[in-house]
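Letter by letter, the chains look like this.
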Amino acid sequence: MLKKSSFKLIFDILFYTVVINAIATLIMMPIEGFDISFSNSVYEPKREFSSSLYVAAINEIIFSVAFVFVAYHLRRAARLFMINGEFKSFNLVKNLKRSGQFLIILGLSLVVKKIFLEYHFEVTTHFFQSNSMIYLLLIVIGLSFIRLSKMLKLSILAKQEQDLTI
């Protein structure tokens, strides 16, 4: 029982940490005036700030909210799987699928952020650096969660069909 509760505790800590981070992001963004150059002293902007800065702010909000939803649905899936022992549940399928969908949104928003930083700050880094590969890895993990949820759904339906024939 200790292992099951510690597994869920890890997802609880992840969820509350992500929520605190999202709240801090939403509070600090209007205070900083949507200017990401204050928080990143390595890069100096080569272009004047324009309305494209609002695109970066909206992208950061999407990233924060998507990360909260990923942590929330993973937390619910961990509770269903470990604590309640429901491996053959449509709720588990639904939570895994939504986690995958939000992981894809998370990865895409990070790719947009990377492209924006390269445009705005004229950073000439190669796209396939380690950070960019992590963004693509998030998208692949999201697609894997969606595929896993489809396979679980098919196995649950096959099990129900088998139970009806007996």
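Since the model is a prediction, treat every value here as computed from it, not as a measurement.

1. Digging into the overall build of the protein
Part 1: Each helix and strand counted, the protein has four helices and zero strands in total.
Part 2: From first element to last, N terminus to C terminus, the protein shows the α and β order α-α-α-α.
Part 3: Within the protein, residue pairs in contact and separated by at least 24 positions form 78% of the contacts whose partners lie at least 6 positions apart.
Part 4: A total of about 10700 Å² of accessible surface is found on the protein, and carbon and sulfur atoms cover 67% of it.

2. Side note on the packing of aromatic side chains
Part 1: For the structure on display, the rule yields four aromatic pairs.
Part 2: With a centroid separation of 5.3 Å and 65 degrees between ring planes, the pair formed by Phe 15 and Tyr 16 is classed as edge-to-face.
Part 3: Take Phe 15: its relative accessible area is 12%, and that puts it in the buried class.
Part 4: Relative accessible area serves as the criterion here: at 45%, Tyr 16 is assigned to the partly exposed category.
Part 5: Arranged with centres 4.8 Å apart and planes meeting at 20 degrees, the rings of Phe 69 and Phe 102 form a pair that is stacked. Highlighted residues: Phe 69 in helix H2 (residues 52–83) and Phe 102 in helix H3 (residues 90–121), separated in sequence by 33 residues.
Part 6: Residue classification places Phe 69 among the partly exposed residues on the basis of a relative accessible area of 35%.
Part 7: Taken together, the ring pairs in this structure connect Phe 15, Tyr 16 and Tyr 72 into an aromatic cluster.

3. Focus on the environment of Ser 64
Part 1: Take Ser 64: it is sitting in helix H2.
Part 2: Spatially, the C-alpha atoms of Ser 64 and Ile 23 are 8.5 Å apart, while their sequence positions differ by 41 residues.
Part 3: Ser 64 has contacts with Ala 22 and Thr 25, leaving out every residue within four places of it along the chain.

4. Concerning the nonpolar core
Part 1: Core analysis: the largest hydrophobic core is formed by twelve residues, namely Phe 11, Phe 63, Ala 66, Val 70, Leu 74, Ala 78, Leu 103, Leu 106, Leu 110, Val 111, Tyr 135 and Leu 138.
Part 2: Of all the secondary-structure elements, those providing two or more residues to this core are H2, H3 and helix H4 (130–165).
Part 3: With five residues, the top contributor of residues to this core is H2.
Part 4: Of all hydrophobic cores here, the second largest spans seven residues; its members include Leu 92, Leu 96, Leu 152 and Ile 156.

5. A short note on the pattern of salt bridges
Part 1: One pass over the full model with this rule turns up two salt bridges.
Part 2: Lys 159 is the salt-bridge partner of Asp 163, the closest N and O atoms lying 3.6 Å from each other. Here Lys 159 and Asp 163 lie together in helix H4, a separation of four residues that amounts to about one turn.
Part 3: On the accessibility criterion, Asp 163 (45% relative accessible area) is partly exposed.

6. Some details on the side chain of Arg 75
Part 1: Relative to the helices and strands, Arg 75 is located in helix H2.
Part 2: Of the residues examined, Arg 75 reaches a relative accessible area of 17% and is grouped as buried.
Part 3: Excluding residues that lie within four positions of it along the chain, Arg 75 makes contacts with Lys 8, Phe 11, Asp 12, Phe 15 and Tyr 16.

Cut-offs used in this document
Residues numbered from 1 in each chain as written. Predicted model: local features only at pLDDT ≥ 70, side-chain atom pairs only at ≥ 80, totals over all residues. Heavy atoms only, no water. Helix = DSSP H or I, 4+ residues; strand = E, 2+ residues; numbered from the N terminus. Contact = heavy atoms within 4.5 Å. Areas by Shrake-Rupley, 256 points an atom, 1.4 Å probe, with all protein chains shown as cover. Phe/Tyr/Trp six-rings, centres within 6.5 Å; stacked < 30°, edge-to-face > 60°. Buried < 20%, exposed > 50% of the residue type's maximum accessible area, 1.4 Å probe, protein only. Core = buried A, V, L, I, M, F, W, Y, C linked by side-chain atoms within 4.5 Å. Salt bridge = Lys/Arg side-chain N within 4 Å of Asp/Glu carboxyl O.

By themselves, these are just geometric observations and shouldn't be taken as functional.
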